Amino acid sequence: MNNLALIAILLIVMALAYQVGLTRSRTVATDGVRLHSRPGYYGMLVALWCGLPAFALLLLWSLAGTSLVELLVVRQLPPEIATLGERELSTFLRRVSALAADRAVSGTPSETELAAAAHMASLQTLGRMITIAAMAVAAVAGLVLARGRISPQLRARNQVERVITIALALCSGVAILTTVGIVLSMVGEAMNFFRFISPAEFFFGTTWNPRFSTSGDTGQGEFGLLPLLWGTLMVSAIALLVAVPLGLMTAIYMAEYAPAWLRNVAKPVIEVLAGIPTIVYGFFALIVIGPFLSDLGDLVGISIRTTSALTAGLVMGIMIIPFVSSLSDDIITQVPKALRDGALGLGATKSETIRQVVLPAALPGIVGAFLLAASRAIGETMIVVLAAGNNPVLHANPFEAVSTITVTIVNQLTGDMDFASPQSLVAFALGLTLFVITLGLNVIALVVVRRYRQQYE
Amino acid sequence: MTTDTLTIEERSRQRLATIEASLAGRHARERRFRRMGLGAVVTGMGLVLILFISILMRGVPAFWQATFYLDVHFDPEVIQVDEKPVRESGESASAFRERELAWMSRVGLVNWQQIIDEALKAELGEIEARQTRDLRALITSGERHALRDRFIEDPSLLGETVRLKMLASANVDVWLKGNIDRSLPDRQQQLSAQTREWADELYARGVITNAFSTALFLNTDSRSSLASAGLAGAFMGSLFMMLVVIVLSVPIGVASAIYLEEFAPKNRITDLIEININNLAAVPSIVFGLLGAAIFIGYLGLPLSAPLVGGLVLTLMTLPTIIIATRASLRSIPGSIRQAALGIGASRVQTVFHHVLPLALPGILTGSILGVAQALGETAPLLLIGMNAFVANVPGTPLEQSTALPVQIYLWQGNELRNFFEARTSAAIIVLLGLMLSLNALAIWLRKRFETRW
């Protein structure tokens, strides 16, 4: 019986428990005695008492069961295997659990392995039976106990509501857990990486060549971050050069000049554009913009590669126009009308009002929007994977191919998941760098925007 | 000096003159500024229009493929297999299944290629033996499996002649659509001169037509038979992932938003969670991929390339979006609703679940749909958890190997047969964009339909 079936049965039992509680509370409430809560709450309370402990038991077994069984199996092993090194032991256990689950293993399993597998299988079955029995006991006990407690004075609603509130709070903890998970996994794996390569070499190295070098005797390859960082900054700068003027002017036009019907049409359109997958922009860069720029370069006599920093930056700029414009639009419309009216009353034209009153007033917010746009550009992956050309060399020519942090993460970590070599571990060091950069930009942006909001609230 | 001697009247007249003189220039600047704004809007829209048009122009033709209409003779000389087994009375289901499978594998050993060759020869007349290669380059290799499956389905075809639709090979499709320069010398052509001549001849005679092809929708990806590579596997993978996202991220996201907006005490921890969520919303998606690779695959040992893992990663990624949208929606419900409910004796939980939440539902739904649409189009994190592996089957469960629609686009754009796959990729993009835009349109419609101004 798998866990899903168990949960389904548990839910059915909980539904029954609800009915029991409901009926019980109605019987208690005869002779004009008023219940504290409505009958449904008594039902829910009984259902919770019946279901939650049983569910907790199931969770406990799912989390700890495997390690417990392994521990018991290891104890029963003949001494020559039990004293093996940690590595061999874990390989052994992996083979045994594969055998116990009737999966194929490489080679013919040995006598000891088969015995251990049989032992493990029996322990697993036993553990499972015990869990199911314990669940049944817990469910019935909870049901009976809760049913017995039902009385008109029982504050069932308050108890049920407390459980609901706790459940809601736990859900909001998932966000924290995610962040913790990101930080722990990044930092942990990056530390592993720094055992191979010193942080100084990584952060200040100017050569990126992660392949096993054939000439040097280190045999590690070179992992210098700077060419990648430089490429990232170059592409992002080009993107912002495209997106900021276009996005800001669009926002100004939308907020100050556009008639209502145009706003009503354009706003959803812009929103939809923000939802186009980046892989689509990447493909567009590769087959339309790249060749176009290359032809244009031939026309004026400069050599522009089809996949270059310029191609990627340009398309990334197109991608973040909607982002910049909708953020700036929100901020511009938040500037109080009194400021505009004052300027207009003094005889300023509309554009003068915008440039000399509205924009300066909105500046902090707009700066915040740009920082957010920059962080998005830095973290963007698919456009650069397809259109930047993957050439991790330090150079200042935007018409040449570059490589970025995100591209390199993809290149280093696709394929096999071998977390032992610096070649794949470097992805986490790069990811950590990326995370810190974007986090820094976001924090600054949020602080700036919050200040700005408070100013006008 | 002179100004001192001027009367007030003169001074004001002078000032007025200055203002009037500058007025033309200021109005010109005003017009210029306004035109710049309009220019920005037009440029932005124009660029996106170019994007859509270029993808549509490349992609739409790919829905039609060069297709053969051939009279195929199921020649008993070639197909020498016994009768399809029929279940006898008293035979157990597994024993019958075994006999059936054995029969199927015997059918699989039949030389189906020869059947196709004969059908082509019937159109082209006899050919020399050395031309067999050229002949076989006409029809995509997947068709012989399709023929086998058709026979397994209906063994009474034996000895019959049926008119069948068969996909031409990718190179023939490219050649007939003119997606390759026809004047290129032989060495640079993918097809031999003989095959090209045949293709042209058959096209002129109407044996090959450009017909709407369902292969793109019904088949899975293929490496050997490029012309019949389709999106079915990727579509199922994406569907499974979206199910995981909907089942996990919508309830968790809505619950945390309710807690933060309605119940959370204003303290340090709540502040921390808030800042956290805002930051998570802006963390690059690829970082979530790294998280998935390290935790779900490296630590928890979940299988590589599984839609379940992809769904979990995308869940974590969309969670902030849904939380932020839900909170905005809850916040827009006026306090008077809450006060009224509390005033007649409802508890806080009752107020929220009976009154506030139903009113906020349209906004929550809109935000959730947008979040799911965003997850549908995400590619980068999936590359890091191995979903870019080649998978030739439609996944049956969320734990089987699979790819996803955007990843399939990524894989196809990198295919060596550029001439064919540029169009195929664009067609896949059209399918993906179609799905996403309908989700977006649904969200916008919902908002318009149920929008309430308090």
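Residues numbered from 1 in each chain as written. Chains lettered and ligands numbered in written order. Predicted model: local features only at pLDDT ≥ 70, side-chain atom pairs only at ≥ 80, totals over all residues.

1. Points about the overall build of chain B
And step 1. When helices and strands are counted, chain B shows 18 helices and three strands.
And step 2. Counting only C-alpha atoms, chain B reaches 115 × 70 × 40 Å along its principal axes.
And step 3. Evaluated residue by residue, chain B yields a buried proportion of 43% over its 454 residues.
And step 4. Residue pairs at least 24 apart in sequence account for 79% of intrachain contacts in chain B once pairs closer than 6 positions are excluded. (Helix = DSSP H or I, 4+ residues; strand = E, 2+ residues; numbered from the N terminus. Buried ≥ 20, exposed ≤ 12 C-beta atoms within 10 Å, placed from the backbone. Contact = placed C-beta atoms within 7 Å.)

2. Section: the interface of chain B and chain A
And step 1. If you look at the interface, chain B gives 72 residues, while chain A gives 66 residues.
And step 2. No other element matches helix α2 (residues 8-59) of chain B, which puts 18 residues into the side of chain B that touches chain A.
And step 3. The residue inventory of the side of chain B that touches chain A, partitioned by class, reads 47 nonpolar, 20 polar and five charged. (Nonpolar A, V, L, I, M, F, W, Y, C, P; charged D, E, K, R; others polar.)

3. Focus on the domain arrangement of chain A
And step 1. Along its sequence, chain A is organised into domain 1 (3-154) and domain 2 (222-455).
And step 2. For domain 1 of chain A versus domain 2 of chain A, the separation of C-alpha centres amounts to 50 Å. (Domains from an automatic or database assignment.)

4. Some thoughts on the domain arrangement of chain B
And step 1. By domain assignment, chain B separates into domain 1 (2-60), domain 2 (63-219) and domain 3 (232-450).
And step 2. Of note, the centres of domain 1 of chain B and domain 2 of chain B, computed from C-alpha atoms alone, are 66 Å apart.

5. A look at the environment of E30(B)
Residue and element names in this part refer to chain B.
And step 1. On the secondary structure map, E30 appears in helix α2.
And step 2. By C-beta crowding, E30 is classed as partly exposed, having 17 other C-beta atoms within 10 Å.
And step 3. C-alpha separation for the pair E30 and W198, spaced 168 residues apart in sequence, amounts to 66 Å.

6. Regarding the nonpolar core
And step 1. Formed by 224 residues in total, the largest nonpolar core has its most connected members in V315(A), I383(A) and L290(B).
And step 2. Looking at which element gives the most residues to this core, the answer is helix α8 (residues 226-257) of chain A, with 18 residues.
And step 3. Contact partners of I383(A), with chain neighbours within four places excluded, come to T278(A), Y281(A), G282(A), A285(A), A312(A), V315(A), M316(A) and M319(A).
And step 4. Listed in part, the 25 residues of the second largest apolar core include V20(A), A54(A), L57(A) and I150(A). (Core = buried A, V, L, I, M, F, W, Y, C linked by C-beta atoms within 7 Å.)

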